[in-house]
Amino acid sequence: MKATRIGKAALAAAVLVLTGGLWFGLSARAQEPISKQELAARGKVTFRVYCASCHGPAAKGDGTLATLLKTKPTDLTLIAKKNKGTFPVEEVRRKVDGRELVLAHGTTDMPVWGLSFQDPEKGGDQEAEVKVRLDQILAFLETIQAPAS
């Protein structure tokens, strides 16, 4: 193993340590319905906190931790282009959530955000909070899709 490579578990731990403390300051609560633009704006912040270290600030797969991964992170701006111009919201939701094994996702290097978006000290059903975070990320990703040309 090269010195620049680290184990999956260590990488996941590093990401969670770097972002885990932010969970408590950025608690996602069930909210009144907001506009798609506001949801995407919040998603941009959520993406920067949880996803950009691997996927990069522009979601091109070139984050600061990308070089440490065995599999290069996906360029998330090409999702719709790879799906005949349609952004597959529910498919992407399942992949980001990560609690359901998605074989097409490839490796399991990506953290299981559906669990990470929950506060272990709070306990109980936190699906509403998880849904808010996922909705934010999905709304943001949908706004940055490359033209299908």
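Computed from a prediction, not measured in an experiment: that's the story for all the values here.

K.L.:
Can you walk me through the packing of aromatic side chains in this structure?
P.N.:
The description of an aromatic ring pair rests on the distance of the ring centres and on the angle between the ring planes. Here the structure, examined in full by the defined rule, presents four aromatic pairs. Note on Tyr 50 and Trp 113: the rings are 5.4 Å apart at their centroids and 70 degrees apart in plane angle, and the pair reads as edge-to-face. One end of the pair, Tyr 50, is in helix 2 (residues 36-50); the other, Trp 113, is in helix 6 (residues 113-116), with 63 residues separating them in the sequence. On the accessibility criterion, Tyr 50 (5% relative accessible area) is buried. The interplanar angle of 80 degrees and the centroid separation of 5.0 Å between the aromatic rings of Tyr 50 and Phe 117 together place this pair among those described as edge-to-face. In this pair, Tyr 50 sits in helix 2 while Phe 117 sits in the loop between helix 6 and helix 7 (127-143), placing the two residues 67 residues apart along the sequence. Members of the aromatic cluster, joined through ring pairs, are Tyr 50, Trp 113 and Phe 117. Above the plane of the ring of Phe 117 lies Arg 133, whose end atom (NZ or CZ) is 5.9 Å from the centre.

K.L.:
For this particular structure, what's the right way to read helix 5 (residues 89-97)?
P.N.:
Two residues of an α-helix separated by three or four positions point the same way, owing to the 3.6 residues in each turn. The set of residues buried in helix 5 consists of Val 92, Arg 93, Val 96 and Asp 97. For helix 5, the buried positions fall inside an angular range of 130 degrees around the axis, keeping them on one side. Contacts made by the buried residues of helix 5 are with helix 4 (79-82), helix 6 and helix 7. Downstream of helix 5 by one or two residues, Gly 98 has phi in the positive range, about 80 degrees.

K.L.:
In this structure, what is going on with the environment of Glu 90? I would like to understand it.
P.N.:
With respect to the helices and strands, Glu 90 occurs in helix 5. The class for Glu 90 is partly exposed, based on a relative accessible area of 45%. Along the backbone, Glu 90 and Leu 138 are 48 residues apart, and their C-alpha atoms lie at a distance of 9.2 Å. A polar contact of 3.3 Å, which involves the side chain of Glu 90, links it to the side chain of Arg 93.

Rules used throughout
Residues numbered from 1 in each chain as written. Predicted model: local features only at pLDDT ≥ 70, side-chain atom pairs only at ≥ 80, totals over all residues. Heavy atoms only, no water. Phe/Tyr/Trp six-rings, centres within 6.5 Å; stacked < 30°, edge-to-face > 60°. Helix = DSSP H or I, 4+ residues; strand = E, 2+ residues; numbered from the N terminus. Buried < 20%, exposed > 50% of the residue type's maximum accessible area, 1.4 Å probe, protein only. Lys NZ or Arg CZ within 6 Å of the ring centre and 35° of its normal. Arc of directions from axis to C-beta. Contact = heavy atoms within 4.5 Å. Polar contact = N/O pair within 3.5 Å; in protein donor to acceptor, adjacent residues only side chain to side chain.

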